[in-house]
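Take a look at the letters that make up each chain.
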Amino acid sequence: MDELALDISQTERTASAIVYDQLRADILSARLEPGSVLDERLLAQRFGFSRSPIREALVRLWAEQLVQTLANRTSIVAPFDVVTLPSYLVARDFVYRLGARLAAQRRTDIDLARIEAALLAGEAAHDLNSYVEGNRRFHLTIAEAARMPILRQWTREVLDRGQRVLALVASREAATGGLHKMGDQDGHEAILAAIRAGDAATAEEAAGIDASTLGELVAEALTQAAIVSLPKALHA
Amino acid sequence: MKFEPIATSRLTESVRVYAGLRDAILDLSMPPGHTLDERDVCARFGVSRSPVREALLRLTTEGLIRLEGGESIVGDVSPKDLETFMALHFYLAGMVARLAATARSSRDVTRLGIANAELTTTDMEWTKAMAGLRVFRLTLATASGNSIFSTWTLQLLDQEERLSRALLGSASHHPTIATSSIRRAIVDAISRSDPNAAEHAAGQESNALAIAFGSK
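Remember, predicted model here, so these are calculated numbers, not experimental data.

1. Observations regarding helix α4 (residues 85–106) of chain A
Reasoning step 1: Look at α4 of chain A: 31 Å from first C-alpha to last across 22 residues, which is about the 32 Å you get at 1.5 Å a residue.
Reasoning step 2: The buried fraction of α4 of chain A is high, at 16 of 22 residues.

Written as structure tokens, this is what we have:
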């Protein structure tokens, strides 16, 4: 009886992980638009699971602030709040700079090799998705080298938010022009060089420049996106 | 959507389990490294597995529990974590104070003054001191106008409470009263809208905390 209960629990865990991974990817890539209703029953049908793993996946996403629960217990994809954009940009500047500073002080040779590999992956990026993936890996690897689990988690949070911002911008065709500039890797190379040299102050400075360059592009593209999407919003 | 009384009570159960476990983890009655068995937790709170799992997930996201091979383990509080905590505390507190100096409203300044006065005048018995520090730091984070930093401040406060109890729990008084003058300097700098002075004072408070913890 107990063993059976454990088996069910394991299966549910796996099911919940599948649902979680898929929904998370859909939310971050804006395939699921902000504000979309996530109905437990429909999701259970779509994935072919019972409602319990669906609910568990939603709770995990809720804990990561990617899903919100309304007063009537309906779950929706967390609305994208333009008001919090400045907070996000400041928070990103903070984790990028702190990560680079601490990584310069604490990195091992293995860390360095990983950061280099992430940089190369970013350089090979040919579209927005692979660029975003490369950028994510680069900054997460640095956070890893900083040897602080909390900082790594904060970095992940910030990258998640950034990914949503970029995906939403990219979904507005007219605004994608400026995003090609983001393939520019000079900023990342400067960070890597300082981390390799163990120069904390320079690493922090380079990371700050990297964050502000991207920040300007995102702000610019988002302003365009807001104008472009206005009629759509008014007629909705 | 149809009203679902069962779902609603389940939500309440999850919150109750979450709050109960959180309190036990923060006051160390549930010790660092302790493995949380789902079935034990179900029995302890008299609830089914779903709300327990929800509560555990939430605590994991908040960094109070870590997952290891499918098991939920209460996060460690060790000298190694102290170094990490102090570094994050130093930088985050500095950043928050800097932002607060430019973003604060006059009401924020009043609130900060009151929060620090509470910490100066009350008998610094543990629970009160920790609660007072929470109010002060969260008021500061609110004044910074950055909701992300508020969430992170809250996370560090949880860590600070556990570290305080683990490292200084045998002392009869919390050492926070000693840093009251430094906190006043933070509030003064913020009321003068001086970001550099605010950041500097916040760094001093952080260093004083590190000394109290014996990490410097």
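2. Describing the sheet that holds strand β2 (residues 65–68) of chain B
Residues and elements named next belong to chain B.
Reasoning step 1: With antiparallel pairing, the 3 strands of this open sheet are ordered in space as β1-β3-β2. Edge positions in the sheet fall to β1 (35–36) and β2, since each has one partner strand and no second.
Reasoning step 2: One ladder, built from 4 bridges, connects β2 with strand β3 (residues 71–74); its direction is antiparallel. Within β3, the residue paired with Ile 65 across the bridge is Val 74.
Reasoning step 3: Running at roughly 105° to β2, helix α3 (residues 49–61) makes contact with β1, β2 and β3 of the sheet.

3. Overview of the interface of chain B and chain A
Reasoning step 1: Listed as interface residues are 32 residues of chain B and, on the opposing side, 41 residues of chain A.
Reasoning step 2: Of the roughly 3,200 Å² buried where chain B meets chain A, counting both sides, 60% is carbon and sulfur surface.
Reasoning step 3: For the chain B face of the interface with chain A, the top three residues by lost area are Arg 53, Leu 88 and Trp 152 of chain B, together amounting to 20%.
Reasoning step 4: The interface formed by chain B and chain A includes 2 salt bridges.
Reasoning step 5: A salt bridge links Arg 53 of chain B to Glu 56 of chain A; the shortest N-O distance between them is 2.9 Å.
Reasoning step 6: Viewed at the interface, chain A and chain B are joined by 7 residue pairs in polar contact (both at pLDDT 80 or more).
Reasoning step 7: For the side of chain B that touches chain A, the secondary-structure elements that each account for two or more residues are α1 (5–26), α2 (38–45), α3, α4 (79–103) and α7 (147–168) of chain B.
Reasoning step 8: With 8 residues, α4 of chain B is the largest single contributor of residues to the side of chain B that touches chain A.
Reasoning step 9: Here the residues of the side of chain B that touches chain A sort into 14 nonpolar, 9 polar and 9 charged.

What counts as what
- Here, residues in each chain are numbered from 1, in the same order as that chain's written sequence.
- As a convention, the first chain written is A and the first ligand written is 1, with the rest following in written order.
- With pLDDT at 70 or above as the cut-off, local features in this predicted model cover only qualifying residues; side-chain atom pairs require 80 or more to be listed or tallied, and sums for whole chains, interfaces and linings still use all residues.
- Side-chain measures were taken over the full set of non-hydrogen atoms in the model, leaving aside hydrogen atoms and water.
- Helix and strand assignments come from DSSP, with helices taken as H or I runs of at least 4 residues and strands as E runs of at least 2, each series counted from the N terminus.
- Here a helix's expected span is defined as the number of its residues, less one, multiplied by 1.5 Å.
- Note on classification: 1.4 Å probe, protein chains only; a residue is buried when its accessible area is under 20% of the maximum for its type, exposed when over 50%, partly exposed between these limits.
- When DSSP locates at least two bridges between a pair of strands, those strands are taken to pair.
- Contacts are assigned to residue pairs that have any heavy atoms within 4.5 Å of one another.
- Whenever a helix is involved, its axis is fitted only over the stretch in contact; in every case the axis is a line through C-alpha atoms, and angles between N-to-C directions fall within 0 to 180 degrees.
- Joining two parts hides part of their accessible area as seen by a 1.4 Å probe, and the buried area is that hidden amount summed over both.
- The salt bridge definition used is simple: a Lys or Arg side-chain nitrogen within 4 Å of an Asp or Glu carboxyl oxygen.
- The term polar contact refers here to a pair of N or O atoms within 3.5 Å; inside protein, the definition further demands a hydrogen-donor-capable atom paired with an acceptor-capable atom, and it admits residues adjacent in sequence only when both atoms are side-chain atoms.
- Lys, Arg, Asp and Glu make up the charged group, whereas Ala, Val, Leu, Ile, Met, Phe, Trp, Tyr, Cys and Pro make up the nonpolar group; the residues left over, Gly among them, are polar.

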